[in-house]
Amino acid sequence: MSRSRKRKNNGNSNQSTEKVMMNIDNPLFDYINPRNNDKFSEMSGIDLQDLLYYMNNYYLELRNRLGFDNHITFGLELEFEDAKQKCIETQLRAMLLYDTWILKGDGSLHEGAEINSPILKDTSDSWKKLKEVCSIVNKNATIGEYSGGHIHIGTQVLGGQNESWLNFIKLWAVYENVIYRFVYGDFLVARTSMSEYARPMAKIFWSDYQRLSGYTQLSTVDIIEMISHVRRQAVNFYNVKGVKDFDNEEYRNTIEFRCPNGTIDPTIWQNNVNLFVNLLLYSRSSKYDDDIIQKRRNLNEEKYSSLDWYGELYLQQALELCDMLFTTNYDKVYFLRQYLKSFEANNKKLSKSKPFTKSLKI
């Protein structure tokens, strides 16, 4: 593991000329180089203890960009309760956001409403507007026990190859317990309506993978139809149409991730987007490590495939997923800090974590 203090300029291969800025003024990044790609899952003893100690004293903040390529698109659905809709509408209009960030009622929530973003790309302007919207909602609504935070990712990120889709459902099936705890965000537990509106899919996706991986004549559209069991599952494929070109972002087809809890913290929203995009990118990557994933499946079997277990900590499994998905220590820290939540676990309804972002820090 490198402990170099030398910090070089970020080498960004993105088509955008806008640099990715890092918040590295912290002892954590004297201990590890933020731009390196250390194998956290191979650390042990005092090295791992030191890493976790420094990380627990590091607070995440909204980044200007994540570093995605320009073809990657996403959209957000912010749900909230006890909403003062007129006030929210007025402030959205004042910020010149009302015509693009669409406000509407949500009958499934107590005095509920939601705001749907336009199609977004990884630009500082997108994240700045998200921060403004979250600030407006924070003043005029609450995140209750039923509020969700759905995220849509353009299907062009995963592409149109059967192998990529099968890789994705296998990856999800094996690491769903880690993913769910991560997207609980600033809560320690799933929202009350999680089983109804974002059904866990680990067991079903594993069964799908075993069944579908043996077929050679199925089209990608066939596979998508066969893994689309219900709309209200953790990952919803109902918005994926039978198009000819999955890499054409103009079709506006999306994979919807329904499992995140609601939040008004833009840093958590951004962190959730980063996880989901990287899950998809990794599933179509030549670096996809089926051996590690299969080994993890053999270790876990179906033991943790239940919401009753998803709030617990599985450190080694999280380190393993972190090393697969992310290529910089900086991204790994952002993932692990939100996942670990100061090593807390609590099954009580609406239990909040200790703050781990600067916007929530007291």
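So, how was this worked out
Residues numbered from 1 in each chain as written. Predicted model: local features only at pLDDT ≥ 70, side-chain atom pairs only at ≥ 80, totals over all residues. Heavy atoms only, no water. 1 Å grid on protein atoms, 1.4 Å probe; cavity = no way out; pocket = protein on both sides within 12 Å on 5 of 7 lines; lining within 4 Å. Points joined across faces, edges and corners; volume = space filled by probe spheres on them. Nonpolar A, V, L, I, M, F, W, Y, C, P; charged D, E, K, R; others polar. Buried < 20%, exposed > 50% of the residue type's maximum accessible area, 1.4 Å probe, protein only. Helix = DSSP H or I, 4+ residues; strand = E, 2+ residues; numbered from the N terminus. Pairing = 2+ DSSP bridges. Salt bridge = Lys/Arg side-chain N within 4 Å of Asp/Glu carboxyl O. pLDDT = per-residue confidence, 0-100. Contact = heavy atoms within 4.5 Å. Phe/Tyr/Trp six-rings, centres within 6.5 Å; stacked < 30°, edge-to-face > 60°. Lys NZ or Arg CZ within 6 Å of the ring centre and 35° of its normal. Axes fitted to C-alpha atoms, helices over the stretch in contact; angles between N-to-C directions. Parallel < 35°, antiparallel > 145°, perpendicular 65-115°, else oblique. Left-handed = near helix turned anticlockwise from the far one by under 90°. Polar contact = N/O pair within 3.5 Å; in protein donor to acceptor, adjacent residues only side chain to side chain.

(A) Representation of empty space enclosed by the protein in the model. One pass over the full model with this rule turns up 3 cavities of 30 Å³ or more. The space that makes up the second largest cavity amounts to roughly 70 Å³. Lining the second largest cavity are Gly 144, Glu 145, Ser 147, Phe 187, Val 189, Ala 190, Arg 191, Thr 192, Asn 261, Gly 262, Lys 349 and Leu 350. Its residues assigned to classes, the lining of the second largest cavity comprises 4 nonpolar, 5 polar and 3 charged.

(B) Geometry of the pairing of strand E1 (residues 74-80). When you tally the buried positions in E1, you get 7 out of 7 residues, the bulk of the element. Burial of the side chains of E1 extends over both faces: Phe 74, Leu 76, Leu 78 and Phe 80 are buried on one face and Gly 75, Glu 77 and Glu 79 on the other. Pairing geometry for E1 and strand E4 (residues 149-154), over 5 bridges, is antiparallel. Bridge assignment links Gly 75 to a residue of E4, and that residue is His 152. Across 4 bridges, the pairing between E1 and strand E3 (residues 112-116) is antiparallel.

(C) Structural view of the pattern of salt bridges. The final tally for this structure, using the stated rule, is 15 salt bridges. For Arg 93, the salt bridge is made with Glu 89, and the minimal N-O distance between the two is 3.2 Å. In this pair, Arg 93 and Glu 89 are both assigned in helix H3 (residues 85-94), 4 residues apart and thus about one turn of the helix distant. Take Glu 89: its relative accessible area is 21%, and that puts it in the partly exposed class.

(D) Focus on the confidence of the model for the protein. When pLDDT is averaged across the protein, the result is 91; 91% of the residues are at 70 or more. Here residues 1-14 scores under 50 on pLDDT; set against residues more than four positions off or in separate chains, the count is 33 contacts.

(E) Representation of the packing of aromatic side chains in the model. A complete count under the given rule lists 22 aromatic pairs for this structure. Here the aromatic rings of Phe 29 and Tyr 58 are separated by 5.3 Å at their centres, their planes lie at 90 degrees, and the arrangement is edge-to-face. Note that Phe 29 is positioned in helix H1 (residues 28-31) and Tyr 58 in the loop between helix H2 (45-56) and E1, a separation of 29 residues in sequence. Take Tyr 58: its relative accessible area is 1%, and that puts it in the buried class. Geometrically, the ring pair formed by Phe 29 and Tyr 330 is tilted, given 5.5 Å between the ring centres and 45 degrees between the ring planes. Of this pair, Phe 29 sits in helix H1 while Tyr 330 sits in helix H13 (residues 329-340), placing them 301 residues apart in sequence. No difference in accessibility class separates Phe 29 from Tyr 330, as the two residues are buried. Here the aromatic residues Trp 165, Phe 168, Trp 172, Phe 205, Phe 237, Phe 257 and Phe 276 are joined through ring pairs into a cluster of three or more. It is Arg 337 that lies over the ring of Tyr 59; its NZ or CZ is 5.4 Å from the centre.

(F) Main features of the packing of helix H5 (residues 162-183) against helix H12 (residues 315-325). Two elements in contact, H5 and H12, have axes separated by 10 Å at closest approach and are oriented at 120 degrees. As the angle between them shows, H5 and H12 are arranged oblique. Between H5 and H12 the crossing geometry is left-handed. Note on element contacts: H12 touches H5 through Gln 317, Ala 318, Glu 320, Leu 321, Met 324 and Leu 325, opposite Leu 171, Val 174, Tyr 175, Asn 177, Val 178 and Ile 179. The residue makeup of the contact of H5 with H12, split by class, is 9 nonpolar, 2 polar and 1 charged.

(G) Layout of the side chain of Glu 114. Secondary-structure assignment places Glu 114 in strand E3. Note on Glu 114: relative accessible area 8%, which makes it buried. A distance of 3.4 Å separates polar atoms of two side chains, one belonging to Glu 114 and the other to Asn 116. In this structure, Glu 114 is in contact with Glu 77, Leu 78, Glu 79, Phe 80, Ile 102, Leu 103, Lys 104 and Asp 106, ignoring residues within four places of it in sequence.

(H) Quick look at the environment of Glu 61. Tracing the backbone through its elements, the reader meets Glu 61 in the loop between H2 and E1. For Glu 61, a relative accessible area of 27% corresponds to the partly exposed category. It is 25 Å that separates the C-alpha atoms of Glu 61 and Tyr 282, two residues lying 221 residues apart in sequence. Among residues more than four places away in sequence, those in contact with Glu 61 are Asn 23, Thr 267, Gln 270, Tyr 334 and Lys 358.

(I) How the structure looks around the packing of H5 against helix H8 (residues 220-227). Relative orientation of the contacting elements H5 and H8 amounts to 20 degrees, with a least axis distance of 9 Å. The pairing of H5 with H8 is recorded here as roughly parallel in orientation. Read as a crossing pair, H5 and H8 show a hand that is left-handed. On H8, the residues that touch Asn 162, Trp 165, Leu 166 and Ile 169 of H5 are Thr 220, Ile 223, Ile 224 and Ile 227.

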